[in-house]
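Inside the fold
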Amino acid sequence: MAIATEILRQAPKVLLHDHLDGGLRPQTIVELAAEVGHQLPAADAESLRHWFAESADSGSLVRYLETFDHTTAVMQTPSALRRVAAEMVLDLAADGVVYVESRWAPEQHLRAGLTLDEAVDAVTEGLADGMAEAADDGHPIIARQLLIAMRHASSATEIAELAVRHRKDGVAGFDIAGAEAGYPPTRQLAAFDHIKRNNGYITIHAGEAFGLPSIWEAVQLCGANRLGHGVRLIDDIEVTADGATVGDLAGYIRNLRVPLEMCPSSNVQTGAARSVAEHPIGTLARLGFRVTVNTDNRLMSDTTMTKEFAALAAAFDYDLDYVRWLTINAAKSAFYPHPDRLRLIEDVIKPGYAALGAG
Ligand SMILES: O=c1[nH]cnc2c1ncn2[C@@H]1O[C@H](CO)[C@@H](O)[C@H]1O
Ligand SMILES: [Zn+2]
C-alpha cells in the first residue's frame, strides 16, 4: 500500500546532495532579477517554475546545467546569497528535513565583486538565519554546506583551501561538479590532495554522465568519501537469476560502505536513468550498498525529499521502514561528527519514525 504523502512529509529526512543554486523559489528569482536587472526567460513565478522544469528535462546533463545561468545570475550579492540560503533551510525544514548539507560553487558568485570568503560568509549567515527561524516555527534543522569547484575551471585548489579555511563555519566538505565527460576527477588531484592533507571530507559527482572510470578515479585516486550519483556503478554489476555478480570496484564500494548520493528525478531528466522504476537505486539498495536518497536540484526537477521518496515507494513498493533505513543510511554518511550523528539518529530520526508507526 502506498505511504500517504503527509506521512512521508512528517518523517524526519536527511539530505546530503542538494544544490543551493538549484533550489531557489521562483518568486525569489523574479524579485532578485528585478533588483539587478537580469533578463529572465519567463516573467512571472509560475511560468518560470515551468520553464526550469521543462528546460532541465532535456536528456542531457550539459543542457540541464545551462539553466543554472539564471539562478547564479541573481545570487551575486551578500544579501541575495543570504536570502537564498535562509529560504532553502526553511523550505527543507517545512518538508521534514532535519539535516542538510547544501552545496554550491563560490567561484560562480564573484561577478559583482565579492571575494570567495565574503560569499561563504553570506551563505553561512543565511544558513544561521534559516536554522533560527525554522526552530522558532517548530521545525528544527541542522544546515551545513559543501563547497564545489567547477570541474572545467582551474580554481579547484583555491576552493579546496577555502573549504579548509571555513571548516569551523559549518563547511562540511568539498566536491566537484559540472559537465562530467571530458573532465575526469584526477584533473583536480591537487585540490583533493589539499583536502586530504588537512583531514577534510570529499564527495565527488561521478558516474552520472560518464561511467566506471570516473567512479574508479574518484574513489581510488582522489579519495572520495562519498559519491554524488554513482548510478553507473550498475555497469559493474551483473544481475543473475539467483543473485548478482559484483565486480571489484562495486565490491570495494559496497565493502567499505562508500555512500552513494542517489538523485532519481535528476537522473531521469539528464538521461542517466530511463525512469525512476528503472533507476539502479532499486538494485543497489537491494544488494546492500550504502544508498541515500537526494533531491539534487529541487527547482530544476520540480521535486522535494517527500516527492523523491513517494516516487521510489511507488516504483519499488517501499514501506516506511525502508524509508527509515534509507534515512539512517544518510545520517550515518553525513560529514558531521560521529557523536552528533548518533544523537541525530537516536534522538530525532528513530523517535520520529516510531511516532509514525515504523521501526
Ligand atoms: O547533477 C549535477 N551534475 C553535475 N553538476 C551539477 C549537477 N547539478 C548541479 N550541478 C552544477 O553544480 C553547480 C554548483 O551548484 C551548479 O551551478 C551546476 O552547474
Ligand atoms: Zn548534483
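In this numbering scheme, every chain counts its residues from 1 along its sequence in written order. To label them, take the chains in the order written and letter them from A, then take the ligands in the order written and number them from 1. For a predicted model such as this one, the threshold for reporting local features is a pLDDT of at least 70, and the threshold for listing and counting side-chain atom pairs is 80 or more; totals across whole chains, interfaces and linings nevertheless cover every residue. For the side-chain quantities, the full set of heavy atoms in the structure was used; hydrogens and water were omitted.

1. Describing the UniProt feature "domain: Adenosine deaminase" (unreviewed entry) in the protein chain
For clarity, the cut-off: UniProt positions are given in the numbering used here, feature names are shortened, and annotations may be inferred rather than shown by experiment. For helices the rule is a DSSP run of H or I covering at least 4 residues; for strands it is a run of E covering at least 2, with both sets numbered from the N terminus onward.
According to UniProt, the "domain: Adenosine deaminase" (unreviewed entry) feature falls on residues 12-350. End C-alpha to end C-alpha, residues 12-350 measures 9 Å, and it is 47% helix and 16% strand.

2. Considering the packing of helix α2 (residues 26-36) against helix α3 (residues 45-56)
This is how the line gets drawn: The axes used here are C-alpha line fits, helices contributing only the stretch in contact, and every angle between their N-to-C directions lies in the interval 0 to 180 degrees. Roughly parallel covers angles under 35 degrees, roughly antiparallel covers those over 145, roughly perpendicular covers 65 to 115, and oblique covers all other angles. Contacts are assigned to residue pairs that have any heavy atoms within 4.5 Å of one another. Classes in brief: Ala, Val, Leu, Ile, Met, Phe, Trp, Tyr, Cys and Pro nonpolar; Asp, Glu, Lys and Arg charged; the others, Gly included, polar.
At their nearest, the axes of α2 and α3 sit 8 Å apart, and the two run at 110° to each other. Our classification of the angle between α2 and α3 gives roughly perpendicular. Facing P26, Q27, I29 and V30 of α2, the residues of α3 in contact are A45, L48, R49 and F52. Split by residue class, the contact of α2 with α3 holds six nonpolar, one polar and one charged.

3. Section: the coordination of the zinc ion (ligand 2)
This is how it is decided: Nitrogen, oxygen and sulfur within 2.8 Å of a metal are treated as its donors, or within 3.2 Å for sodium, potassium and calcium (Na, K, Ca); water is not counted, so a site can appear incomplete. Relative accessibility thresholds used throughout: buried, under 20% of the residue-type maximum; exposed, over 50%; partly exposed, between the two (1.4 Å probe, protein chains only).
Distances from the zinc ion (ligand 2) to its protein donors, namely H17 (NE2), H19 (NE2), H205 (NE2) and D296 (OD), fall within the range 2.1 to 2.2 Å. Counting along the primary sequence, the residues that act as donors to the zinc ion (ligand 2) give the motif H-x1-H-x185-H-x90-D. Pair noted here: H19 is in strand β1 (residues 13-19) and D296 is in the loop between β10 (291-293) and α14 (305-316), with a separation of 277 residues, a long-range link. Taken as a pair, H19 and D296 share a single burial class, namely buried.

4. Looking at the environment of A156
Residue placement: A156 occurs in helix α8 (residues 156-165). A residue is classified by how much of its surface remains accessible, and A156, at 3% relative accessible area, is buried. Spatially, the C-alpha atoms of A156 and A314 are 40 Å apart, while their sequence positions differ by 158 residues. If we ignore the near neighbours within four places in the chain, the residues touching A156 are A149, F174, Q188 and A191.

5. Topic: the nonpolar core
Which entries qualify depends on this criterion: Grouping buried Ala, Val, Leu, Ile, Met, Phe, Trp, Tyr and Cys residues that are joined through side-chain atoms within 4.5 Å yields what is termed a nonpolar core.
Counting 109 residues, the largest nonpolar core has L227, I253 and F289 as its most contacted members. If you tally residues by element for this core, the top one is helix α6 (residues 78-94), at nine residues. Within the second largest apolar cluster, five residues are counted, among which are A105, I148, M150 and A153.

6. Digging into the sheet that holds strand β6 (residues 226-229)
Rule in force here: Pairs of strands are assigned from DSSP output, requiring at least two bridges between the strands.
Here four strands make up an open sheet; going across it, the order is β5-β6-β9-β10 and the pairing parallel. Of all strands in the sheet, those with a lone pairing partner are β5 (203-206) and β10, marking the two edges. Averaged over all adjacent pairs, the angle separating strand axes in this sheet is 30°, with direction ignored. Bridging between β6 and strand β9 (residues 260-262) involves two bridges; their strand directions are parallel. Each residue of the ladder has a partner; that of L227, found in β9, is L260.

7. As for helix α15 (residues 320-333)
This is how the line gets drawn: What a helix is expected to span follows from its residue count: subtract one and scale by 1.5 Å. Any pair of N or O atoms that falls within 3.5 Å is considered a polar contact. Within protein, one atom must be able to donate a hydrogen and the other to accept it, and sequence-neighbouring residues count only if both atoms are side-chain atoms.
Here α15 spans 20 Å end to end across 14 residues, near enough to the 20 Å set by a 1.5 Å rise per residue. With ten of its 14 residues buried, α15 lies for the most part within the structure. Of the residues making up α15, those classed as buried are L320, V323, R324, L326, T327, I328, N329, A330, A331 and S333. On its buried side, α15 packs onto α1 (5-10), β1, β6, β10, α14 and α16 (338-355). Two or three places before D321, at the start of α15, stands the capping residue D319, its side-chain oxygen 3.2 Å from that residue's backbone nitrogen.

8. Observations regarding the site of ligand 1
Note the threshold: For each residue, the test is whether any non-hydrogen atom lies within 4 Å of the molecule or strand; if one does, the residue is near. In these tables, accessible area is a Shrake-Rupley quantity obtained with a 1.4 Å probe, and a residue counts as shielded only by the protein chains included in the view.
Taken together, 17 residues lie around ligand 1, and H19, D21, G178, E208 and D296 are the ones closest in. Here an oxygen atom of ligand 1 sits 2.8 Å away from a polar atom, N or O, in the side chain of D296. Between a nitrogen atom of ligand 1 and a side-chain N or O atom of N297, the distance comes to 3.0 Å. For ligand 1, the accessible surface in isolation is 420 Å², of which the surrounding protein chains cover 98%. If you list the elements that add at least two residues to the shell around ligand 1, you get α4 (61-66) and β3 (142-150). Its residues placed into classes, the shell around ligand 1 shows eight nonpolar, six polar and three charged.

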